Amino acid sequence: MDDCIIIGAGPAGLTAAIYLARFYLKVRLFDCGTSRAALIPRTHNHAGYPDGITGTDLLDRMRRQAARFGAVREERRVTALAREDGHFRIETERESFAARSVLLATGVFNRHPPGMDDTLHDEALARGLLRYCPICDGYEVTDKRVGVIGTGDHGTREALFLRGYTADVTLVAPDVDHELDEECQAELAEAGIETHDGPCGEYRIEGDRLAVETADGWLQFDSVYPALGSHIRSELAVNLGAEATEEGCLTVDDHLETTVPGLFAAGDVVLGLDQISHAMGQAGVAATTIRNHLAQERPLRR
Ligand SMILES: Cc1cc2nc3c(=O)[nH]c(=O)nc-3n(C[C@H](O)[C@H](O)[C@H](O)COP(=O)(O)OP(=O)(O)OC[C@H]3O[C@@H](n4cnc5c(N)ncnc54)[C@H](O)[C@@H]3O)c2cc1C
């Protein structure tokens, strides 16, 4: 029986693994290799790296740090979680495991621009022509020509946020027509943000720009931000009865415990700021709480 099984080895899961292994707990770390952090061409807002660091380099450093204390990432997709005689049963594609506690750090998946093929998507992302996180990298588009694919409140909020970096922001509807109420329209107009109807569906890279087809023809941008929401990878917990928001973000208490006792969550899968620093902070709190709960069940002594 493991003390804790961590599902997901992004910044949240890896931070928890480092803490738990250093608490001398028996921990396993399952991951299926789709961390959002791996998509970061170079982060400039993560403290401690004045010249920035690529997402893959950061993950590699964290993996090595966890492994140094005995928590080695195992390539396994977890398919189900169950409660059984006071512990958890963790099903993977090949085997099943038992643990006294579980930390879910499975993150989210950003919805891609409609109709964009994967090769173009990945090239545009690597070159900063496509971006997903204005909080992370809005600074990098200062005074650039920026497109936002989205509509409604969400699209409006994202466009207004980016207006803090550049005067040249355009909001393009993903489908045929924009769905903007009067308040959104007024706010966009007041901020000088252009709107164009879609549908988006055709894209091409033209030199250092990403071109997007709209109802009004092709528009070229230095960077495009899809504001199309995310799929929250919380199904394992929700299927076990954990409470979540309508969108799927897990509800947790101040110590990151979900509404299922012994099941913790950290990082993007929890409602909050989707940032590395936040994921790491939550993981530290969750791991320490897990340690203290386990110590109440049986003393942890050297
Ligand atoms: C393009 C881009 C740029 C970004 N730039 C920045 C930035 O500059 N600064 C910043 O702070 N943040 C940035 N972010 C956000 C940052 O990447 C996330 O906030 C962070 O990765 C969240 O960490 P996490 O551990 O919660 O989830 P993730 O990093 O997404 O890791 C989740 C892990 O869980 C695994 N998993 C999921 N389901 C299962 C399962 N069933 N079984 C096993 N494993 C599973 C996945 O394979 C994945 O490895 C950026 C995001 C993107 C997409």
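No experiment lies behind these values; they were computed from the predicted model shown.

Chemist: What's the story with the side chain of histidine 196 in this structure? I'm lost.
Modeler: Of note, histidine 196 is situated in strand β10 (residues 194-196). Take histidine 196: its relative accessible area is 12%, and that puts it in the buried class. At 2.6 Å, the side chain of histidine 196 and the side chain of glutamate 194 are in polar contact. Discounting chain neighbours no more than four positions away, the residues touching histidine 196 are Thr170, Leu171, Val172, Ala173, His178, Thr214, Asp216 and Leu219.

Chemist: What exactly am I supposed to notice about the nonpolar core here?
Modeler: Within soluble globular proteins, side chains that are nonpolar generally end up buried alongside one another. Counting residues in each nonpolar core, the largest one holds 32 residues, and the members touching the most others are Ile6, Leu14, Leu20, Leu103 and Ile290. Of all the elements in the fold, those that place two or more residues in this core are β1 (2-7), α1 (11-22), β2 (27-31), α2 (55-68) and α8 (276-297). If sequence neighbours within four positions are ignored, leucine 103 has contacts with Cys4, Ile5, Ile6, Ile7, Ala16, Phe264, Ala265, Ala266, Ala286 and Ile290. Counting residues in hydrophobic clusters, the runner-up holds 23 residues, among them Ile5, Ala99, Leu104 and Ile232.

Chemist: Any chance you could explain the site of the ligand here in plain terms?
Modeler: Near the ligand you find 35 residues, and of these Asp31, Thr34, Ser35, Thr43 and Asn45 are the closest. The backbone of arginine 36 places a nitrogen or oxygen atom 3.0 Å from an oxygen atom of the ligand. In the environment of the ligand, an oxygen atom lies 2.8 Å from a nitrogen or oxygen atom belonging to the backbone of isoleucine 276. The fraction of the free accessible surface of the ligand (1,000 Å²) that becomes covered by protein chains is 97%. Counting only elements with at least two residues in the shell around the ligand, the list comes to α1, β2 and α8. Here the shell around the ligand is built from residues that sort into 16 nonpolar, 12 polar and 7 charged.

Chemist: It is not clear to me how the packing of aromatic side chains should be interpreted in this structure. Could you clarify?
Modeler: Pairs of aromatic rings are described using the distance from one ring centre to the other and the angle between the two planes. Tallying each qualifying case throughout the model produces 3 aromatic pairs. Residues phenylalanine 30 and phenylalanine 97 carry aromatic rings whose centres are separated by 4.9 Å and whose planes lie at 55 degrees to one another, so their mutual orientation is tilted. Residue phenylalanine 30 is found in strand β2, and its partner phenylalanine 97 is found in strand β6 (residues 96-104); the two are separated by 67 residues along the sequence. Across this residue pair, the class does not change: phenylalanine 30 and phenylalanine 97 are buried. Plain terms: the ring middles of phenylalanine 161 and tyrosine 165 are 6.0 Å apart, the flat faces sit at 55 degrees to each other, and that makes the pair tilted. Since its relative accessible area comes to 23%, tyrosine 165 is described here as partly exposed. Here arginine 83 stacks its cationic end above the ring of phenylalanine 88, 4.2 Å away from the centre of that ring. For arginine 302, the ring lying beneath its charged end belongs to tyrosine 24, and the centroid distance is 4.1 Å.

Chemist: So what exactly am I meant to see when it comes to a negative patch on the surface here?
Modeler: A contiguous patch of negative charge, built from Asp153, Asp181, Glu182, Glu183, Glu187 and Glu190, is present on the exposed surface. The dominant element in the negative patch, judged by the number of residues it contributes, is helix α6 (residues 182-191), at 4 residues. Relative to the elements of secondary structure, glutamate 183 occurs in helix α6. Classification of glutamate 183 as exposed rests on a relative accessible area of 59%.

Chemist: Looking at this model, I keep getting lost on the packing of helix α5 (residues 152-162) against α6. Mind explaining?
Modeler: When two helices pack together, their arrangement is given by the angle between the helix axes and the distance between those axes. It is at 10 Å that the axes of α5 and α6 come closest, and there the two elements cross at 15 degrees. The orientation of α5 relative to α6 falls into the category roughly parallel. In the crossing of α5 with α6, the sense of the turn from one axis to the other is left-handed. Contact residues: α5 offers Gly152, Asp153, Thr156, Ala159 and Leu160, while α6 offers Cys184, Glu187, Leu188 and Ala191.

Chemist: How should I be thinking about α8 in this particular structure?
Modeler: At 3.6 residues per turn, the α-helix brings residues three or four places apart onto the same side. The end-to-end C-alpha distance of α8, which contains 22 residues, comes to 32 Å, matching closely the 32 Å that a straight helix rising 1.5 Å per residue would cover. Every buried residue of α8 is listed here: Ile276, Ala279, Gln282, Ala283, Gly284, Ala286, Ala287, Thr289, Ile290 and Leu294. As for α8, its buried residues are in contact with β1, α1, α2, β6 and β16 (263-265).

Chemist: Explanation requested: the packing of α1 against α2 in the structure shown.
Modeler: The N-to-C vectors of α1 and α2 enclose an angle of 25 degrees; their axes lie 9 Å apart at closest approach. When the interaxial angle is binned, α1 and α2 end up roughly parallel. As α1 runs across α2, the sense of the crossing is left-handed. Where α1 abuts α2, its residues Pro11, Leu14, Thr15, Ala17 and Ile18 lie against Leu59, Met62, Arg63, Gln65 and Ala66. Considered class by class, the residues forming the contact of α1 with α2 number 7 nonpolar, 2 polar and 1 charged.

Chemist: Got a minute to help me understand the pairing of β2 in this structure?
Modeler: Within a regular strand, side chains alternate between the sheet's two faces. Burial analysis of β2 places 4 of its 5 residues in the buried class, the great majority of the element. Relative to β2, β1 runs parallel, the two being bridged by 4 bridges. Looking across to β2, one finds that cysteine 4 is bridged to valine 27. Once the chain exits β1 it traverses α1 before rejoining the sheet at β2, and the crossover so formed is right-handed.

What counts, and where the lines are drawn
Residues numbered from 1 in each chain as written. Predicted model: local features only at pLDDT ≥ 70, side-chain atom pairs only at ≥ 80, totals over all residues. Heavy atoms only, no water. Helix = DSSP H or I, 4+ residues; strand = E, 2+ residues; numbered from the N terminus. Buried < 20%, exposed > 50% of the residue type's maximum accessible area, 1.4 Å probe, protein only. Polar contact = N/O pair within 3.5 Å; in protein donor to acceptor, adjacent residues only side chain to side chain. Contact = heavy atoms within 4.5 Å. Core = buried A, V, L, I, M, F, W, Y, C linked by side-chain atoms within 4.5 Å. Near = heavy atom within 4 Å. Areas by Shrake-Rupley, 256 points an atom, 1.4 Å probe, with all protein chains shown as cover. Nonpolar A, V, L, I, M, F, W, Y, C, P; charged D, E, K, R; others polar. Phe/Tyr/Trp six-rings, centres within 6.5 Å; stacked < 30°, edge-to-face > 60°. Lys NZ or Arg CZ within 6 Å of the ring centre and 35° of its normal. Patch = residues over 30% accessible without salt bridge, like charges linked within 9 Å, V, L, I, M, F, W, Y side chains within 5 Å. Salt bridge = Lys/Arg side-chain N within 4 Å of Asp/Glu carboxyl O. Lys, Arg positive; Asp, Glu negative; His and termini not counted. Charge placed at Lys NZ, Arg CZ, Asp CG, Glu CD. Axes fitted to C-alpha atoms, helices over the stretch in contact; angles between N-to-C directions. Parallel < 35°, antiparallel > 145°, perpendicular 65-115°, else oblique. Left-handed = near helix turned anticlockwise from the far one by under 90°. Expected span 1.5 Å × (residues − 1). Pairing = 2+ DSSP bridges. Right-handed = clockwise from strand over helix to strand, strands pointing away.

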